[in-house]
Amino acid sequence: MTHITYAKGPFSLALRDHADSLADGHILRSIATYTQPINDRISLKGTAEFGYAFEYYIEGNRANHALFTLESPVTLSPAVWVTPFVTRSIPLDAIDAFEEEDTIVGGSISWSL
């Protein structure tokens, strides 16, 4: 697994390569993120991801997926925050035959000790 990230101000761009020995291949993910603080406790974060499969459970190399996420981290205390989100997953050529487009609405709770 290899990760490279560049961040400047509210923008970040990451490249992540995930090798899978069971699949005998790997998937390269390109992820762009923009974070906009609303106030000292709330921000909006938008993410767009594109995945490309290299012999990853398929023969050949093809576009795998697109993923779009909008989330709003909310700080409850210096150690606790909640993040509601909505994500749209779009299967592309490599997985389109067995995956469906999906929209997921959810949230997470994080804390630090």
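This text goes with the structure placed above it.
Everything numeric here is computed off the predicted structure, so don't read it as measured data. (Residues numbered from 1 in each chain as written. Predicted model: local features only at pLDDT ≥ 70, side-chain atom pairs only at ≥ 80, totals over all residues. Heavy atoms only, no water.)

**A few points about the environment of Val 80**
1) Next: With respect to the secondary-structure elements, Val 80 resides in strand E7 (residues 80–91).
2) Next: With 24 residues separating them along the chain, Val 80 and Ile 104 place their C-alpha atoms 23 Å apart.
3) Next: For Val 80, the contacting residues outside a window of four places in its chain are Val 74, Thr 75, Ser 110 and Trp 111. (Helix = DSSP H or I, 4+ residues; strand = E, 2+ residues; numbered from the N terminus. Contact = heavy atoms within 4.5 Å.)

**Some remarks on a nonpolar patch on the surface**
1) Next: Residues Ile 38, Ile 42, Leu 44, Leu 70, Val 86 and Val 105 make up a contiguous nonpolar surface patch of roughly 510 Å² in combined accessible area.
2) Next: Looking at where Ile 38 falls in the secondary structure, it is placed in the loop between strand E3 (25–37) and strand E4 (43–54). (Patch = residues over 30% accessible without salt bridge, like charges linked within 9 Å, V, L, I, M, F, W, Y side chains within 5 Å. Areas by Shrake-Rupley, 256 points an atom, 1.4 Å probe, with all protein chains shown as cover. Salt bridge = Lys/Arg side-chain N within 4 Å of Asp/Glu carboxyl O.)

**Describing the pairing of strand E2 (residues 11–20)**
The two faces of a sheet get side chains in turn, since along a regular strand they alternate between them.
1) Next: Of the pairings in the sheet, the one linking strand E1 (residues 2–8) to E2 comprises seven bridges and is antiparallel in character. Across the sheet, Thr 5 pairs through a bridge with Ala 14, a residue of E2.
2) Next: Turn length for the E1-E2 hairpin, with the two strands adjacent in sequence and antiparallel, is two residues, and the turn residue Gly 9 shows positive phi of about 60 degrees.
3) Next: Pairing between E2 and E3: ten bridges, direction antiparallel. In the strand pairing of E3, Asp 20 is matched with Gly 25. (Pairing = 2+ DSSP bridges.)

Nothing here speaks to function; it is all geometry.
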